[in-house]
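One letter stands for each residue in the lines below.
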Amino acid sequence: MITPSPDQLVESNASVLAKFGYQPFGGEDEDWGGMWKLLQGDFTTQQRPRVLDFEDLTLSQQEAAKVYMRRRLIADRLFEECRKAQADLFKGIDTERVERYSIAREAYEDSVEDFGKAREKLDSMLPRIEN
Amino acid sequence: MKWKTYDKGDVLPEDYKKALLNLMSFQGDSEYAGAQRVAENHRFAPRPEEAYRLSKKVMEEMGHAYYVWNLMQDLGVDVNIRLQELARNPTNPDPKKVNIINGFRKENWSPFFECWEDVALFSTVVTPAAVAFLGQYRECSYLPWARTNVRVHKEEHGHLAFGVWASKRCIEFGGEKTREFMQERIPKFMKMGLGFYGRPSAGQTKSQMFDIYYEYGIKVKKPEELQAEYMELLESRLGDIGFEVPQGVEADYDMRMGYEAAESGATIETA
């Protein structure tokens, strides 16, 4: 659920965006702690053999971890679009279908790059063992 | 040296078309089969980002196949049967239907891969050979294929970056012991990389088909030139990671991208 800002200007920004289709997210929040358990292996380098549970991260680390996990969720959706376009090529290869696949694929690739950048950002915020 | 060039819609001399389609089919079919092999290696991915980056690579290699097949279709080839064959028989496609380089046949590929470090090293050590080899097609005499390979070449460069990234990550997670483990495994991939271009363009063991391709401007660089390009790329990549370039490694020509019409088994029927 969205927590409204006490600052009315921020809220009015939301209403302008709403003119173009913005809707406040009304569903359940993700299970960030559960997802973090599956993904924290990305950070357990030699100089950081253990990573804290999501709940034990600082507020800013949690925010960076959520960005990293959201990037992954976006990549998952774009991966599905790419798979759909790939399956469509089995109906017959032609320029239109090849270009459709290319666009879906590039979007998926960009999302994986974004996931990687978010990982790097979070990585820079997590403590390491000093040599 | 300048060659007569052809663009989309031009009438191609029959012998030229036959040679061109042979090389194009090797590229298209092998890109797809290569993507399938990379997909099989997905099981080795040790961490989330590695898994996502490899899945991206699979999709990209498949995309290269579609580009090339689409061009072959313009030349009257039914390419859908090639996709169907590879999808139905990924581990043993019929050599009468598709042209796969030896290295991308499952029985040849699989023994090279035992762990994620091998996956990282393949992209570091063998991919520079593909970058150099396929790079020559950007200047080939069939202009639609040349343009497509400009696109492919740019993306293959991304795969080089993947290899370096993945190798560095292996070391970041595994330390010096992993670096030594990987250093010992470089020669097996380097043999493949060195043999990628086929045998030298002169001498008793020279490729029978090379002169024909070269005369037509379909291949525009000699194996020796490509090998020099490969070594330059390889040395810079290995140095970037902190590996040494192994000395005295001999090329394995049996794993090469054959790309020779005489050895092509697949029939390429055109309308």
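Structure's up top.
What counts, and at which threshold
Residues numbered from 1 in each chain as written. Chains lettered and ligands numbered in written order. Predicted model: local features only at pLDDT ≥ 70, side-chain atom pairs only at ≥ 80, totals over all residues. Heavy atoms only, no water. Helix = DSSP H or I, 4+ residues; strand = E, 2+ residues; numbered from the N terminus. Buried < 20%, exposed > 50% of the residue type's maximum accessible area, 1.4 Å probe, protein only. Contact = heavy atoms within 4.5 Å. Buried area = accessible area lost by both parts, 1.4 Å probe. Salt bridge = Lys/Arg side-chain N within 4 Å of Asp/Glu carboxyl O. Patch = residues over 30% accessible without salt bridge, like charges linked within 9 Å, V, L, I, M, F, W, Y side chains within 5 Å. Areas by Shrake-Rupley, 256 points an atom, 1.4 Å probe, with all protein chains shown as cover. Core = buried A, V, L, I, M, F, W, Y, C linked by side-chain atoms within 4.5 Å. 1 Å grid on protein atoms, 1.4 Å probe; cavity = no way out; pocket = protein on both sides within 12 Å on 5 of 7 lines; lining within 4 Å. Points joined across faces, edges and corners; volume = space filled by probe spheres on them.

### A closer look at the side chain of A:Arg72
Mapped onto the fold, A:Arg72 is located in helix H3 (residues 59-88). Classification of A:Arg72 by relative accessible area gives buried; the value is 18%. Setting aside chain neighbours within four positions, we find A:Arg72 in contact with A:Met35, A:Leu39, A:Phe115 and B:Tyr52.

### Focus on the interface of chain B and chain A
Across the contact, 31 residues belong to chain B and 36 residues belong to chain A. With both chains or domains summed, chain B and chain A bury close to 2800 Å², and 53% of this area falls on carbon and sulfur atoms. When the buried area of chain B at its contact with chain A is split by residue, B:Tyr52, B:Met59 and B:Tyr66 rank highest and sum to 26% of it. The tally of links from chain B across to chain A stands at six salt bridges.

### Observations regarding a nonpolar patch on the surface
All names here are of chain A. On the surface, a nonpolar cluster with roughly 400 Å² of combined accessible area is contributed by Ile2, Leu17, Tyr22 and Phe25. Summarising the element assignment, Phe25 is placed in the loop between helix H1 (8-19) and helix H2 (32-39). Among the residues examined, Phe25 registers a relative accessible area of 48% and is labelled partly exposed.

### Things to note about the nonpolar core
Counting 107 residues, the largest nonpolar core has A:Trp36, B:Tyr66, B:Trp69, B:Tyr142 and B:Trp145 as its most contacted members. Element by element, the count of residues in this core is highest for helix H6 (residues 143-194) of chain B, at 15 residues. Dropping the residues within four chain positions of it, B:Tyr142 is found in contact with B:Tyr6, B:Asp7, B:Lys8, B:Leu12, B:Tyr16, B:Leu20, B:Met24 and B:Leu75.

### Concerning empty space enclosed by the protein
All names here are of chain B. Scanning the model with the defined rule gives four cavities of 30 Å³ or more in all. If you add up the space inside the largest cavity, you get close to 200 Å³. Lining the largest cavity are 20 residues; nearest its centre among them are Glu31, Glu61, Phe104, Ala130 and Glu156. For the lining of the largest cavity, the elements supplying multiple residues, two or more each, are helix H1 (14-40), helix H2 (48-74), helix H5 (116-135) and H6. At six residues, the largest contribution of residues to the lining of the largest cavity is made by H1.

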